[in-house]
Amino acid sequence: GLGIFLVLLVGAVIALPFLIPPSTYRQVVETQLETALGRDVTFAKDPKVQIFPQLGVKIEGVTIANAEGFAAPHFAKADSMDVAVKWGPLLSRRVEIASANFIGAEVLLEEKKNGDTNWVFEPTSESNAKKEDAKTSKGSDPGFDALIPKASLKKSRIQFVSAASDLKYDITDINLDASLSGLDGPVTLKGALSVNQEPFNIDAKLTSLANVMKGEPFQVEADIKSAVANASYEGSVVTGDTVTLDGAFAAQFDNLSKTMAFANVKMEQNLDEIGSVTAKGKMSGATDNLSVTDITISQKGRNLASDFTGAVRIQRSKIQPTGNLSARSSNTKALAKGLGTELEGATTSAY
């Protein structure tokens, strides 16, 4: 009798997800994403219910609409999305998402010449969300909020094109994991990707995804490592038409020539002579009118070593440093030659 009961119990548990029509999963997931992003979300097919490796559904052909006025037909799309759901709510015929994994995703980030961007989202208001819920649930209570606690991007790509700054970045081989404790709670992001074929490792934490979407201040702790640069930032960020910062930073550049080439900055001098550079300080203001204070910069190359302490004002392409600079060279003639200038005379060393 106990054996029969256990068999029936296991059978009921396995059958439980299939009691909810696939279209219901589709409505719930689409509505959650649309509520969180404020964009139309469509699926090519109804989800397929799966038990292993975890209870959930597999959705193919996911598309997120682009913002109005932008050329690309979509903001993002994915070959497939695996959505894991929670067991408990299914007993009440409710669907609550536990995690979402995007596979083969493509995201198109655009910036117009006037500075308008397509990555500022406007989450659906509470009243509109309730109306949409009522519309899609057809009188039933779907019982969910706009929250996906865990998400990942695998084998994905992001393209960034800016008509304002004439920049283009192709971010490929994206394998990132994110966790979210609520739209107003902390978000963690960890993983690896390649920018214009340059590998990066990322470890970041944001205090509020809702503030990111609404263009309001949020706190960031970020650590990025690559052959181009190692950098960290801790402080406040505001996104929108311009990015505003207020926090502390640290950076290390082992090969300045490679860094400038990656940043698409053309230099007439050969920067290999500069060697490595480390910097730390505080920054505040918009990125096109940035005040950097408490700066300590150290540089060390084959024929030159220098230190700078002070402040820098960055206004678009204009840079205004104020502070103290000390420089030492054991071979000024070799230094000048390395920078592309020949010095007359026999002087080979100076301090």
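Source: prediction; values computed, not measured. (Residues numbered from 1 in each chain as written. Predicted model: local features only at pLDDT ≥ 70, side-chain atom pairs only at ≥ 80, totals over all residues. Heavy atoms only, no water.)

Student: Can you break down the pattern of salt bridges residue by residue, with the values?
Tutor: The final tally for this structure, using the stated rule, is nine salt bridges. Measuring nitrogen to oxygen at the nearest pair gives 3.4 Å for the salt bridge that ties Asp82 to Lys58. Placement of Asp82 in strand β4 (residues 76-85) and of Lys58 in strand β3 (residues 56-64) is noted, with a sequence separation of 24 residues between them. We classify Asp82 as buried; its relative accessible area is 18%. Here Arg302 makes a salt bridge to Glu273, at a shortest N to O gap of 3.0 Å. Within this pair, whereas Arg302 is found in the loop between β14 (289-300) and β15 (305-315), its partner Glu273 is found in the loop between α6 (256-262) and β13 (276-286), the two being separated by 29 residues in sequence. Looking at Glu273, the relative accessible area reads 3%, which means it is buried. (Salt bridge = Lys/Arg side-chain N within 4 Å of Asp/Glu carboxyl O. Helix = DSSP H or I, 4+ residues; strand = E, 2+ residues; numbered from the N terminus. Buried < 20%, exposed > 50% of the residue type's maximum accessible area, 1.4 Å probe, protein only.)

Student: Account for the nonpolar core, naming residues and giving values.
Tutor: Among the nonpolar cores identified, the biggest contains 39 residues, and Val29, Phe43, Ile59, Phe75, Met81, Val83 and Leu193 are the most heavily contacted of them. No other element matches the six residues that strand β5 (residues 97-111) contributes to this core. Each residue touching Val29, except ones within four places of it in the same chain, is listed here: Phe43, Ile59, Met81, Val83 and Ile97. Membership of the second largest hydrophobic core comes to 13 residues, among which are Val220, Phe249, Leu290 and Val292. (Core = buried A, V, L, I, M, F, W, Y, C linked by side-chain atoms within 4.5 Å. Contact = heavy atoms within 4.5 Å.)

Student: How would you sum up the packing of aromatic side chains? Please name residues and give values.
Tutor: On inspection of all chains with the given rule, the structure shows four aromatic pairs. Relative to Phe160, the ring of Trp119 lies with its centre 5.9 Å away and its plane at 50°, an arrangement referred to as tilted. Of the two residues, Trp119 sits in the loop between β5 and α4 (126-137) while Phe160 sits in strand β6 (residues 150-162), which places them 41 residues apart along the sequence. A residue is classified by how much of its surface remains accessible, and Trp119, at 29% relative accessible area, is partly exposed. Of the residues examined, Phe160 reaches a relative accessible area of 17% and is grouped as buried. Ring centres 6.0 Å apart and planes at 45° place the aromatic pair Tyr169 and Phe262 in the tilted group. Taken as a pair, Tyr169 in strand β7 (residues 167-180) and Phe262 in helix α6 lie far apart in primary sequence, 93 residues in all. Connected via pairs of aromatic rings, a cluster forms that spans Trp119, Phe160, Tyr169, Phe200 and Phe262. Over the ring of Phe70 we find Lys112; its NZ or CZ atom is 4.7 Å from the centre of that ring. (Phe/Tyr/Trp six-rings, centres within 6.5 Å; stacked < 30°, edge-to-face > 60°. Lys NZ or Arg CZ within 6 Å of the ring centre and 35° of its normal.)

Fair warning: the whole summary comes from geometry, so function is off the table for now.
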